[in-house]
Amino acid sequence: MNTKRIRKAVFPVAGLGTRFLPATRAIPKEMLTVVDRPVIQHVVDEARAAGIEHFVFITGRNKHVIEDHFDRQFELEATLRGRGKEKELAILDADTPAAGATSFTRQQVPLGLGHAVWCARDIIGDEPFALLLPDMLHLGAKPCLAEMMEAYNQKGGNHIGVYPVAEDETNQYGIVDISGSKEKVAPIARMVEKPAKGTAPSNLAISGRYILQPAIFDLLAKQERGAGGEIQLTDSMVTLAKSEPFYSVRFDGKVYDTGSKLGFLAANVAYGLANKDLAGDFRAIIDAHLG
Ligand code: G1P
């Protein structure tokens, strides 16, 4: 069984954010804040909590502010230090990846998620890796990727985070079939990307968290187009599943699709209520608005 340690995580952040115009005219959608930190940082925090040591960002034009966000800021740190702002310094310190622990490469043309992941092939090399789609925030008792790491350490192979969605939303996601299993970790019998309405094999959607073996890169290299004319990651996973085990790991918390306006608003409410410093006052504000 191959349980080589997962050290690196890939974050595809090249998307244009058209669903969020005009907010995203000059700011990447990944930098919109949910409570006190940008969406991308919530996801990097999740990866770090799962033991990830190297953070690989697949960026695009106008995304340089993401690179700046994960850099040390000498002037800011010096100013905070001069003013004795130890708490703020500690927050910055905890959130900044170590020197050399980030990589940035560009997806030059938006050809789909499969193509974005393929852009990471040289940086990842011949080792299994994690993949986290930043739009999708997972809030639960335990971070999603940490649960997936536990499953991976027991079983090896490839793992996909899943969660139940409404039947009429299955056409918006990758859907997995686990043959009716009720287990949290279950072998995947079938996967399909954005099935046409009424044809989904289940209501378990791919939640945007993956642990993948490097053999995926050889399949992605074929650059075959799938749903929506895009190079789909799910299609290469379907092929890889013929020769390697794939497991689904059900996430029992809540998943927020911050790529939609309602999902983004819902995430701010949920993360605000989950923040111990804000929850009490925030709840009173919400109640007053609903009252
Ligand atoms: C991608 C994946 C899909 C997954 C979804 C989660 O689709 O292809 O399988 O369910 O992310 O957000 P996209 O949202 O990029 O169309």
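Residues numbered from 1 in each chain as written. Predicted model: local features only at pLDDT ≥ 70, side-chain atom pairs only at ≥ 80, totals over all residues. Heavy atoms only, no water.

**Q** Account for the site of the ligand, with residues named and values stated.
**A** Inspection of the region around the ligand gives Leu-113, Leu-133, Met-136, Tyr-173, Gly-174, Glu-193, Lys-194, Ile-206, Tyr-210, Gln-232 and Thr-234 as its neighbouring residues. Residue Glu-193 places a side-chain N or O atom 2.8 Å away from an oxygen atom belonging to the ligand. Interatomic distance of 2.7 Å between a backbone N/O atom of Ile-206 and an oxygen atom of the ligand. About the coverage of the ligand: the protein hides 76% of its 380 Å² of free accessible area. (Near = heavy atom within 4 Å. Polar contact = N/O pair within 3.5 Å; in protein donor to acceptor, adjacent residues only side chain to side chain. Areas by Shrake-Rupley, 256 points an atom, 1.4 Å probe, with all protein chains shown as cover.)

**Q** Please set out the pairing of strand S6 (residues 129–132) residue by residue, giving values where relevant.
**A** Alternating residues of S6 divide into Phe-129 and Leu-131 and Ala-130 and Leu-132, and every residue in both groups is buried. When strand S1 (residues 8–12) meets S6, the two strands line up parallel, connected through two bridges. Note on S6: the bridge partner recorded for Val-10 is Leu-131. Relative to strand S12 (residues 204–212), S6 runs antiparallel, the two being bridged by four bridges. Residue pairing across strands places Leu-132 opposite Arg-209, the latter belonging to S12. (Buried < 20%, exposed > 50% of the residue type's maximum accessible area, 1.4 Å probe, protein only. Helix = DSSP H or I, 4+ residues; strand = E, 2+ residues; numbered from the N terminus. Pairing = 2+ DSSP bridges.)

**Q** Talk me through helix H7 (residues 144–155); I want residue IDs and the actual numbers.
**A** In this model, H7 (12 residues) spans 17 Å end to end at C-alpha, consistent with the 16 Å of a helix rising 1.5 Å per residue. Looking at H7, one finds that the buried residues are Cys-144, Leu-145, Ala-146, Glu-147, Met-148, Met-149, Ala-151 and Tyr-152. Just beyond H7, the residue with positive phi is Gly-156, at close to 65 degrees. (Expected span 1.5 Å × (residues − 1).)

**Q** So what's going on with the side chain of His-138? Residues and values would help.
**A** Position of His-138 among the secondary structure elements: in strand S7 (residues 136–139). A distance of 3.2 Å separates a polar atom in the side chain of His-138 from a polar atom in the side chain of Arg-209. Those residues in contact with His-138 that sit more than four places away from it in its chain are Glu-46, Cys-144, Ser-207, Arg-209, Phe-251, Lys-254, Val-255 and Tyr-271. (Contact = heavy atoms within 4.5 Å.)

**Q** Describe the pattern of salt bridges, with residues and values.
**A** Applying the stated rule across the entire model yields 16 salt bridges. Salt-bridge contacts for Glu-127 lead to Arg-7; the nearest nitrogen and oxygen are separated by 3.1 Å. Of the two residues, Glu-127 sits in the loop between helix H6 (121–124) and S6 while Arg-7 sits in the segment before S1, which places them 120 residues apart along the sequence. A salt bridge links Arg-72 to Glu-77, with the shortest nitrogen-to-oxygen separation between them at 2.6 Å. (Salt bridge = Lys/Arg side-chain N within 4 Å of Asp/Glu carboxyl O.)

**Q** Break down the layout of surface pockets for me, with residues and values.
**A** In this structure, the largest pocket occupies an estimated 1200 Å³ of space. Forming the walls of the largest pocket are 42 residues, and the residues nearest its centre are Arg-19, Lys-29, Leu-133, Asp-135 and Lys-194. Those elements that provide at least two residues to the lining of the largest pocket are helix H5 (113–118), strand S8 (158–164), S12 and helix H9 (233–240). If you add up the space inside the second largest pocket, you get close to 910 Å³. Lining the second largest pocket are 39 residues, with Asp-36, Arg-37, Gln-41, His-42 and Asp-45 positioned closest to its centre. Of all the elements in the fold, those that place two or more residues in the lining of the second largest pocket are strand S3 (37–38), helix H1 (39–49), helix H3 (74–82), helix H4 (86–95), S7 and helix H10 (261–274). A per-element tally of the lining of the second largest pocket places H1 first, with six residues. Classifying every residue of the lining of the second largest pocket by side-chain character gives 18 nonpolar, eight polar and 13 charged. (1 Å grid on protein atoms, 1.4 Å probe; cavity = no way out; pocket = protein on both sides within 12 Å on 5 of 7 lines; lining within 4 Å. Points joined across faces, edges and corners; volume = space filled by probe spheres on them. Nonpolar A, V, L, I, M, F, W, Y, C, P; charged D, E, K, R; others polar.)

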